[in-house]
Amino acid sequence: MAGEITLDVRGLEPPEPLVKVLSALETLPPGDRLRMVHNREPFPLYGILQEDGYQYRTEAFADGHVEIIIWR
Amino acid sequence: MNAPISSLSLEQAPPISVPFRFFLSAPLFLLLAALILLVSGPQALMSRWTPELLALTHLVTLGFLSMTMIGALMQMLPVLADSPMPLPRLVAWMVHIPLVAGTAMLASGLFFSQTGMLNAAIFLLAFALGVFLIAGAFSLAASRVRHATTRAIRFAGIALVLTVGLGTALAGTLSGYFHLPMQELVGLHVAWGLPGWVGLLVMGVAYQVVPMFQLTPAYPARLTRWLGGSVFLLLCAWSPMSLTPSLPASWGGSLAAGGVAIGFAVFAGATLYLQTKRRRRIVDVTEQFWRIGMLSLLAAVALWATAQQVTGIAADPRYPIVLGMLFMFGFAVSVVSGMLYKIVPFLVWFHLQGRLPKGSTIPNMKQIISDRTARRQMQAHMATLLLLLGSIAWPVLVYPAALALGFTSCMLWLNLFAATRLYLKFARL
């Protein structure tokens, strides 16, 4: 069964959120999903994900935070 | 098996040379302003209309503020609006060179009262800013992002169009091509240039970069939703009323101007409040620059409000000069300097990450510009602000103020240059 790993990058100063998500993706077991919790939409990340063949879905929450679910 | 993740995509971001040419040029214009102040002495600050002060003002607003703000926008639109500017290299060339040449010629034209130079400067500046505005409009039109920041950037762009148009009309009037009322036009030019272009842009960008880089909570949505738009609409309402001599128009104009002032006071108050709620306790240089900036903005609003009540203040020739120092240097130069200390190290890191093979050691943000040298520059900047304000009461202080301004701009340039050199060193590896 596919698992899900949650990565909360709120409260980190750039470029830490990007560094953390890229290294988490490198060790993500095949078939698993990564849920990134962030306080804004990380547009530069999307380009990288598309280029590297990942799929993602962004969910926006009423309190302003967003969650990006990333899988291959 | 997972395929290796490629290095960070540089497709989205313009080359590092695009923003850096603007950043590295900007402090040199502050240095030029310091030289003019040093050469002219207390005479420069006799009234807001002295050729020296007109030259100085444009070196700061165009040469430093607009220069860095344009460079930063070319870099940040892809991040904030998910929409890069078209042809970034070409646009950078077509904006940067005429902006540098046009600003230098405008300052010389004003300083030496040379209308020929002034006309050439206007042509270059209208071209540079026009190219930037068109490229920016393309980028924003293609963006699917709609938030308070992109809205405020749009308003700031319209304010820049008006500022350039009014500036062109003023130069034409000075050269004798048109016969327009100077005082009224200057009032409009200043209002659209300072609270309009500079103020609205700082406000909109702050909504994103203050929480992002200073790790504060977000600005409340009920504030960001209306603040930028209200300031913009109030400036629109104020403009025709400022040209009409009737009593109701003058009341309406004061009311609208008061609204703009309240808008900026709310923005400054909210920013200072958010800074007290930072998640990290370590004080950093950017945070201090922003604190100086917001306190100066509040002081400018308080001075303006007092001058509306006490007639003697508004009539004093020193009043507009103090107001300008607080807004342009105390507020705008401070927040822009503070942002440079975040954007420049971030860009060096980001572009090295994209260029170097995976697993290479990349210097971290704190190694790119050291906290210690940044903090020294901030202290020199603070001393400059105090000396400038002091020179209003004691004109002889204008000399140490000019020296301090020269010193702090050299320090800023050296800090930015150190980051550039580090990038070049690693990029060649």
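Not measured: the values here are computed from a predicted model. (Residues numbered from 1 in each chain as written. Chains lettered and ligands numbered in written order. Predicted model: local features only at pLDDT ≥ 70, side-chain atom pairs only at ≥ 80, totals over all residues.)

Chemist: Teacher, can you tell me more about the overall build of chain B here?
Modeler: Of the regular secondary structure elements, chain B holds 15 helices and zero strands. The C-alpha radius of gyration of chain B comes to 21 Å, within 12% of the 22 Å expected for a compact globule of 429 residues. Projected onto its principal axes, the C-alpha positions of chain B cover 75 × 45 × 45 Å. Residue pairs in contact within chain B that sit at least 24 positions apart in sequence constitute 77% of those at least 6 positions apart. (Helix = DSSP H or I, 4+ residues; strand = E, 2+ residues; numbered from the N terminus. Rg over C-alpha atoms; globule rule 2.2 N^0.38 Å. Contact = placed C-beta atoms within 7 Å.)

Chemist: Help me understand the pairing of strand β2 (residues 33-38) of chain A in this model?
Modeler: Residue and element names in this part refer to chain A. Bridge count for strand β1 (residues 4-8) against β2 is five bridges, and the pairing is parallel. Within the sheet, the bridge partner assigned to E4 lies in β2 and is R33. Of the pairings in the sheet, the one linking β2 to strand β4 (residues 66-71) comprises five bridges and is antiparallel in character. Bridging across to β4, M36 finds its partner in I68. (Pairing = 2+ DSSP bridges.)

Chemist: Whenever I open this one, helix α8 (residues 227-243) of chain B confuses me. Can you help?
Modeler: Because an α-helix completes one turn every 3.6 residues, residues spaced three or four positions apart along the sequence face the same direction. Residues and elements named next belong to chain B. Counted at 1.5 Å a residue, the expected span for α8 with its 17 residues is 24 Å, and the 25 Å between its end C-alpha atoms agrees. Every buried residue of α8 is accounted for by L227, G228, V231, F232, L234, L235 and W238. Seen along its axis, α8 keeps its buried residues to an arc of 165°; they face one direction. Next to the buried residues of α8 lie α5 (148-174), α6 (182-214), α7 (221-224) and α9 (247-276). (Expected span 1.5 Å × (residues − 1). Buried ≥ 20, exposed ≤ 12 C-beta atoms within 10 Å, placed from the backbone. Arc of directions from axis to C-beta.)

Chemist: How do you make sense of the sheet that holds β4 of chain A when you look at a structure like this?
Modeler: Within a sheet, each strand pairs with its neighbour through backbone hydrogen bonds, oriented either parallel or antiparallel. All names here are of chain A. Pairing within the open sheet is mixed, and its four strands lie in the order β1-β2-β4-β3. A single partner strand is all that each edge strand has here, and the edge strands are β1 and β3 (55-60). Within the sheet, the average angular offset between the axes of one strand and its neighbour, ignoring direction, is 20°. Pairing of β3 with β4 involves six bridges; the strand directions are antiparallel. Directly across from Y56, in β4, lies its bridge partner I70. (Axes fitted to C-alpha atoms, helices over the stretch in contact; angles between N-to-C directions.)

Chemist: What's the story with the confidence of the model for chain A in this structure? I'm lost.
Modeler: Atomic detail in the predicted coordinates should be set aside for any region of low pLDDT. Looking at chain A, the pLDDT average stands at 88 and 99% of residues meet or exceed 70. Element-level pLDDT for chain A is lowest in helix α2 (residues 43-51) of chain A, with a mean of 82, against a maximum mean of 95 in β2 of chain A. (pLDDT = per-residue confidence, 0-100.)

Chemist: Sorry if this is basic, but what is going on with the packing of helix α10 (residues 285-309) of chain B against helix α12 (residues 318-355) of chain B here?
Modeler: Helix packing geometry: the angle between the two helix axes and the distance between the axes. Residues and elements named next belong to chain B. α12 packs onto α10 with a crossing angle of 160° between their chain directions and a minimal axis gap of 8 Å. Classed by the angle they form, the pair α10 and α12 counts as roughly antiparallel. Note on packing geometry: the crossing formed by α10 with α12 is left-handed. Classifying every residue of the contact of α10 with α12 gives 19 nonpolar, seven polar and one charged. (Parallel < 35°, antiparallel > 145°, perpendicular 65-115°, else oblique. Left-handed = near helix turned anticlockwise from the far one by under 90°. Nonpolar A, V, L, I, M, F, W, Y, C, P; charged D, E, K, R; others polar.)

Chemist: Honestly, unusual backbone geometry in this entry has me stumped. Any pointers?
Modeler: Leave glycine aside and you will find that most residues have negative phi; peptide bonds, for their part, are mostly trans. Looking along the chain, the bond that leaves P14 of chain A and enters P15 of chain A is cis, with omega of 10°. Position of P15 of chain A among the secondary structure elements: in the loop between β1 and α1 (16-26). The backbone of L87 of chain B shows a phi angle near 45°, a positive value even though the residue is not glycine. With respect to the element layout, L87 of chain B can be found in the loop between α2 (51-81) and α3 (88-111). For L87 of chain B, a count of 13 C-beta atoms within 10 Å puts it in the partly exposed group.

Chemist: What is the right way to look at α1 of chain A in this model?
Modeler: Residues and elements named next belong to chain A. When α1 is considered as a whole, its buried residues turn out to be P17, V21 and L25. In an axial view of α1, the angular spread of the buried residues amounts to 60°, which keeps them on one side of the axis. Exposed residues on α1 whose side chains face more than 90 degrees from its buried face are S23 and E26. Against the buried residues of α1 lie β1, β2, α2 and β4.

Chemist: Can you walk me through the environment of Q308 of chain B in this structure?
Modeler: All names here are of chain B. Along the polypeptide, Q308 turns up in helix α10. By the C-beta count within 10 Å, which is 13 here, Q308 ends up partly exposed. The sequence separation of Q308 and S47 amounts to 261 residues, and the corresponding C-alpha distance is 19 Å.

Chemist: Please clarify how the environment of F138 of chain B should be interpreted in this entry.
Modeler: Positionally, F138 of chain B belongs in helix α4 (residues 115-142). Distance from F138 of chain B to N364 of chain B, taken between C-alpha atoms, is 34 Å for residues 226 residues apart in sequence.

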